[in-house]
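# Close look at the chain arrangement
One letter stands for each residue in the lines below.
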Amino acid sequence: MPDLRLSTLRFWIVPLLAIVATLSAAQAPTPEPVTDQETELGQAVYKQLRTKGEIVESSPLYDTLKPVAEAIARVAQPHYPHPFKFFLVHETQPNAFATPGGNVYVVDSLLYFVKNTEQLAGTLCHEVSHTIHRDGVALMEKERRIERREVAAAILLGPTRAHIIAIALIGKLHSLGYSRDAESKADVTGADICAQAGFNPWGLTWLFQDFQNAEPGQVPQLLSDHPGNGARIQTLEKHFRDNPATFSKFSRDPKSATPFSVPKNAPEVFLRADTGNGN
Ligand SMILES: [Zn+2]
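Figured I'd write up the structure that's included with this text.

What follows is about the overall build of the chain. When helices and strands are counted, the chain shows twelve helices and five strands. For the chain, with 279 residues in total, the buried portion stands at 48%. Taking as baseline every contact in the chain between residues at least 6 positions apart, the subset at least 24 positions apart corresponds to 76%.

How two aromatic rings sit relative to each other is set out by the distance from centre to centre and by the angle between their planes. All told, the structure shown has six aromatic pairs when counted by the stated rule. By way of ring pairs, the aromatic residues Y46, F87, F97 and Y105 are connected into one cluster.

Here strand 4 (residues 103–107) lies mainly inside the structure; five of its five residues are buried. Here strand 4 shows no split at all, with N103, Y105 and V107 on one side and V104 and V106 on the other all buried. Two strands pair when backbone bridges link them, and strand 2 (residues 85–89) and strand 4 are joined in this way by five bridges, in the parallel orientation. Bridge assignment links K85 to a residue of strand 4, and that residue is N103.

Using the criterion set out here, one finds one disulfide in the structure. One disulfide bridge connects C125 with C194, the sulfur atoms lying 2.3 Å from each other. The chirality of the disulfide connecting C125 with C194 is right-handed, given an S-S dihedral of about 100°. Of the two residues, C125 sits in helix 5 (residues 117–132) while C194 sits in helix 8 (residues 180–197), which places them 69 residues apart along the sequence. Across the pair, C194 and C125 agree in class, each one buried.

On to the sheet that holds strand 4, then. With mixed pairing, the three strands of this open sheet are ordered in space as 2-4-3. Sheet topology places strand 2 and strand 3 (96–98) at the edges, where each strand pairs with a single neighbour. Taken pair by pair, the neighbouring strands of this sheet meet at an average axis angle of 20°, ignoring direction. Lying on the sheet, helix 2 (residues 37–51) is in contact with strand 2, strand 3 and strand 4; it crosses strand 4 at an angle near 30°. Strands in contact with helix 5 are strand 2, strand 3 and strand 4; relative to strand 3, the strand with the most contacts, it is inclined by about 25°.

Attention shifts here to helix 9 (residues 203–213). Helical periodicity: at 3.6 residues per turn, an α-helix aligns residues three or four positions apart in one direction. Most of helix 9 is tucked away, with eight of its eleven residues classed as buried. The complete set of buried residues in helix 9 reads G203, L204, T205, W206, L207, F208, D210 and F211.

Interaxial distance between helix 3 (residues 61–76) and helix 8 falls to 9 Å at its minimum, and their mutual angle equals 110°. Comparing their axes, helix 8 and helix 3 come out roughly perpendicular. Crossing geometry of helix 3 relative to helix 8 is assigned as right-handed. For the pair formed by helix 3 and helix 8, the contact residues are A71, I72, V75 and A76 on the first element and I193, Q196 and A197 on the second. Partitioned by chemical class, the residues of the contact of helix 3 with helix 8 number six nonpolar, one polar and no charged.

Okay, the side chain of D187 next. Looking at the secondary structure, you find D187 in helix 8. For D187, a relative accessible area of 2% corresponds to the buried category. Here D187 is in contact with H126, L204, F208, R232 and L236, once residues within four sequence places are set aside.

Calculation rules
- Residues numbered from 1 in each chain as written.
- Predicted model: local features only at pLDDT ≥ 70, side-chain atom pairs only at ≥ 80, totals over all residues.
- Heavy atoms only, no water.
- Helix = DSSP H or I, 4+ residues; strand = E, 2+ residues; numbered from the N terminus.
- Buried < 20%, exposed > 50% of the residue type's maximum accessible area, 1.4 Å probe, protein only.
- Contact = heavy atoms within 4.5 Å.
- Phe/Tyr/Trp six-rings, centres within 6.5 Å; stacked < 30°, edge-to-face > 60°.
- Pairing = 2+ DSSP bridges.
- Disulfide = S-S within 2.5 Å.
- Axes fitted to C-alpha atoms, helices over the stretch in contact; angles between N-to-C directions.
- Parallel < 35°, antiparallel > 145°, perpendicular 65-115°, else oblique.
- Left-handed = near helix turned anticlockwise from the far one by under 90°.
- Nonpolar A, V, L, I, M, F, W, Y, C, P; charged D, E, K, R; others polar.

Listed below in structure tokens is the structure:
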């Protein structure tokens, strides 16, 4: 009875496809194939994070991140030749960082740290601006030169020591120290992007203010390394004043913020080196 079997198969395939479609809505994007130095640098970090088992492959948290990330990517994309892709990573310190090639990593705990959508949007707009400005390329080149030298030295000391140093260096990639000037420029471009994407660009200044009031251990790494949050707020305020056509419609009052809700203790499935999703 082949017909019966076929219809039984259809009976199962349709709901199965629906489940697959739902799951893929909450999944990590597929990384961009290597086509140039920027995607190569980005891919190197991606592989390191994947090896460490930090990349979240699927989680309901992606459903929270996606609408904000997509709105920002739509505005930022014309300014950068590689597609922006947003990955969730698991770490204890709330953080976000962008690598050359278009990948933006958002630490899951940042989603629990931010108080409103505007603060999250401000952070993502800031990170894509670093990518557009190519701030990461020069820094990663520098890191790579140090890495080569240190790993070469470490191999002389034996494989275990080399392994330890290599792991320490991977950690460094998280805390790329940009100059204050690069930070302020990313804030300003980020504010333009956020405004165009419809997110109140005051969100980033609200985040800076929250950092100033937070416990030292709670301060996201993306800002704790950079002194002068006050100066950054001033630069942004001046930018808002100088461009009233773009910014005067936004309220500086945090009470006007869009409340941000994240599913509590959302489950996370991690991407492993031996599972697919690119290379
Ligand atoms: Zn920055």
